[in-house]
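Architecture and fold: a report
So you can see what is in the structure, the chains are spelled out below.
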Amino acid sequence: MNVLDSELVVAALRRQGWQMAQSPADADAVFYNTCSVRQHAEDKVYSALGRVRAEKAKRPELVVGVLGCMAQKDQELVRKRAPWVDLVVGPGQLHRVPSLIDGVLAGSGPQIEVSLDRAAGSRESVARSFESYDPDRDPEMRPTPFQAFIRTQTGCDKFCAFCVVPRVRGPEQARPPAAILAEAKKLVDEGCREITLIGQTVNSYRWTEGGRTTRLADLLVGLDAIDGLDRIRFVTNYPRDMTDELIHAVRDLPKVCHYLHVPAQHGSDDVLKRMKRGYTIGEYLEMHGRLMEAIPHAAVTSDFIVGFCGETDDEFQLMLDLVQKLQFKNSFIFKYSPRPGTKAFQRQPDDVPEDVKKARHRLLLDAQTEASLAGNLPLVGSRQQVLVEGLSRRDEKRAAAGEAEAETADGTVQLSGRTMCDRIVVFDAPRRLIGRIVDVDILAAGPWAVSGALPLAGGEPSQLAAEPEVHTISLLPVSRGNGATEPTAADQPQAGHAHHA
Ligand code: SAH
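Remember, predicted model here, so these are calculated numbers, not experimental data.

1. Quick word on the overall build of the chain
Helices and strands together make up the secondary structure of the chain, namely 17 helices and 19 strands. Out of the 501 residues in the chain, the part that is buried amounts to 52%. Restricting the contact set of the chain to residue pairs at least 6 apart, pairs at least 24 apart contribute 72%. Here the chain has roughly 21,800 Å² of accessible surface; of this, 52% comes from carbon and sulfur atoms.

2. Brief notes about the site of the ligand
Inspection of the region around the ligand gives 13 residues, with F162, Q200, Q265, D303 and S337 positioned closest. At 2.7 Å, a backbone N or O of S337 approaches a nitrogen atom of the ligand. For the ligand, whose accessible area on its own is 530 Å², the fraction buried by protein is 89%. Going through the elements one at a time, β13 (299–306) and β14 (331–335) are the ones with two or more residues in the shell around the ligand. Counted by class, the shell around the ligand contains 5 nonpolar, 4 polar and 4 charged residues.

3. Some points on the side chain of Q111
Mapping Q111 onto the fold places it in strand β4 (residues 111–113). With near-sequence residues (within four places) excluded, Q111 lies in contact with D86, L87, V88, L100, G103 and V104.

4. Examining the environment of Q153
Within the secondary structure, Q153 sits in strand β6 (residues 153–154). Separated by 49 residues in the primary sequence, Q153 and V202 place their C-alpha atoms 7.1 Å from one another. Within the structure, Q153 has its side chain in polar contact with the side chain of E172 (distance 3.5 Å). A distance of 3.0 Å separates the side chain of Q153 from the backbone oxygen of T201, its partner in a polar contact.

5. Focus on the pattern of salt bridges
One pass over the structure, following the stated rule, counts 39 salt bridges. The salt bridge partner of R137 is E183, with a shortest N-O separation of 2.5 Å. Taken together, the residues span a long stretch of sequence, with R137 in the loop between α6 (123–129) and β5 (147–151) and E183 in helix α8 (residues 177–189) at a distance of 46 residues. Its salt-bridge partner being D422, residue R418 comes within 3.0 Å of it at the nearest N-O pair. Here the residues in one salt-bridge network are D5, E7, D134, R137, R142, R151, R169, R175, E183, K186 and E190, joined through shared partners.

6. Some thoughts on the sheet that holds strand β15 (residues 383–391)
What the 5 strands build is a closed barrel, ordered β15-β16-β17-β19-β18; its pairing is mixed. With direction set aside, neighbouring strand axes in the sheet form an average angle of 55°. When β15 meets strand β16 (residues 412–418), the two strands line up antiparallel, connected through 4 bridges. Considered in β16, the bridge of L387 is made with R418. The strands touched by helix α16 (residues 393–400) within the sheet are β15 and β16, with β15 carrying the most contacts at an inclination of about 15°.

7. Looking at unusual backbone geometry
Residue V235 is joined to T236 through a cis peptide bond whose omega torsion reads -5°. Examined against the element boundaries, T236 turns out to sit in the loop between β11 (231–235) and α10 (244–252). Positive phi is not limited to glycine here, since Q327 has a value of about 50°. The residue Q327 is located in the loop between α13 (313–326) and β14 in this model.

8. Focus: a nonpolar patch on the surface
Among the surface-exposed residues, L373, L377 and V380 lie close enough to one another that they form a single nonpolar patch of about 220 Å² accessible area. Summarising the element assignment, L373 is placed in helix α15 (residues 354–376). The class for L373 is partly exposed, based on a relative accessible area of 31%.

9. Things to note about the packing of aromatic side chains
On inspection of all chains with the given rule, the structure shows 6 aromatic pairs. Consider the rings of Y238 and Y279, whose centres lie 6.1 Å apart with planes at 65°: the pair is edge-to-face. Of the two residues, Y238 is situated in the loop between β11 and α10 and Y279 in the loop between α11 (269–274) and α12 (281–294); the sequence distance between them amounts to 41 residues. Looking at Y279, the relative accessible area reads 6%, which means it is buried. Taken together, a centroid distance of 6.2 Å and an interplanar angle of 40° make the contact between Y279 and Y284 tilted. The pair Y279 / Y284 is uniform in exposure class, with both members buried. In this structure an aromatic cluster arises from ring pairing among Y238, Y279, Y284, F304 and F328. Above the face of the F334 ring, R38 is positioned so that its terminal group lies 3.7 Å from the ring centre. We note R81 situated over the ring of Y46; from NZ or CZ to the ring centre the distance is 3.6 Å.

10. Some details on the side chain of Q368
By the secondary structure assignment, Q368 is in helix α15. Q368 sits in the buried class, given a relative accessible area of 2%. At a separation of 2.9 Å, a polar atom in the side chain of Q368 contacts the main-chain carbonyl oxygen of F328. Those residues within four positions of Q368 in sequence are excluded, and the remaining contacts are V323, F328, K329, N330, S331 and I333.

Rules of the game
Residues numbered from 1 in each chain as written. Predicted model: local features only at pLDDT ≥ 70, side-chain atom pairs only at ≥ 80, totals over all residues. Heavy atoms only, no water. Helix = DSSP H or I, 4+ residues; strand = E, 2+ residues; numbered from the N terminus. Buried < 20%, exposed > 50% of the residue type's maximum accessible area, 1.4 Å probe, protein only. Contact = heavy atoms within 4.5 Å. Areas by Shrake-Rupley, 256 points an atom, 1.4 Å probe, with all protein chains shown as cover. Near = heavy atom within 4 Å. Polar contact = N/O pair within 3.5 Å; in protein donor to acceptor, adjacent residues only side chain to side chain. Nonpolar A, V, L, I, M, F, W, Y, C, P; charged D, E, K, R; others polar. Salt bridge = Lys/Arg side-chain N within 4 Å of Asp/Glu carboxyl O. Pairing = 2+ DSSP bridges. Axes fitted to C-alpha atoms, helices over the stretch in contact; angles between N-to-C directions. Patch = residues over 30% accessible without salt bridge, like charges linked within 9 Å, V, L, I, M, F, W, Y side chains within 5 Å. Phe/Tyr/Trp six-rings, centres within 6.5 Å; stacked < 30°, edge-to-face > 60°. Lys NZ or Arg CZ within 6 Å of the ring centre and 35° of its normal.

See the structure below:
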């Protein structure tokens, strides 16, 4: 969500003539787009603000801004702890950034713009104060030009006891389906091949107009019909809103990735109740069962919080059991961080000692790492369709360190991409494959990624790369012609099939 917000703010600023600088020392303005989900994220921003202080002292005309959730949550506190900050702008007011900078530059002093607090007015007035900010996009600001996020909803109404998001991002508000589809078409015209729909609970999407209700499954149908788009993903899912209709849409629409992030958060019914998650483990298992029955090779991922208020050893064991039982593709595991303004902060003491949180975090991570490796191993020997995202981390680091890229005589580097099920694949190939969907033969697997090579059959890899059209290999009839993956085979071992169209 923050990556998208940053893209949009930068796009608006560029239209006003601003450009990206290489470092704060080269910049006329420095913005921190912040997160409030855990204390750690806020601490990092205060450290960064400390670092920019000297620069600001040297050059008082430097504009320093704090944007996003921390600005919304701690508007006064930010200015108190870092009085050198000129701009404090919440996530519902980001459209105001360009004019607020002008205000600072014109000498109007510090500018603070945030939305109404949820307790401060009617739902409508609060909702109106959180404006969705989705102006024209700027392809140059995306992490890659061929992948983009599109917002389906702003805000959240789930009010999990631990979570600050409903407070800082405001009430849930859906965007009209026509706006979402128009944005997708425009992005595809600009060269986007993969779109990820994002919402705090994206599968709760609902838009009613003229007596007709549009849900996420309908949005997926609309996106799937866009020519030139290859992959559709969506995050994050709320377990209770994982309807059969949605599952079947994921199963049946060829461009929709069989990758579903559905955070369970915990493995104990008692803890889930204290977290106010609104489901039991039995219900989560039922949902997971429906999902795996419909799409047996689907990659399901989760988030977990260890050390939530009152978590006992037995309760933690249930979470460990769940991770071992469901074998998620991967899980994001967090130590509980009390957030002012949440129900848990007000009513439940943060009573699990830090060292216990740490130990449980490690144990859960180990269990997940084992599951991730077990999930990747069956890919060895298979051929996967991979959207090539860029240099691998290894070669990216080398490039960043100024080392000559590890280009071999035939001009290959180590590239990284993803399968339809979101598995990371690294392989040596020419740099110009970035942004394409290519076949990769998987040769080895680790917990975080698998590695492989371009297929030899049908031509040497160098030959394959020299002929750009040849590697848009499709397992489908040529008439499909977009390199889309055969959906029922995605991420499944696919030994021995004919592969060159
Ligand atoms: N609505 C989105 C984003 C929530 S924040 C979603 O459901 O994914 C992302 C993850 O951070 C959550 O799933 C949760 O596991 C974790 N998280 C949220 N609040 C937290 C807190 N107070 N302490 C630790 N982890 C937290």
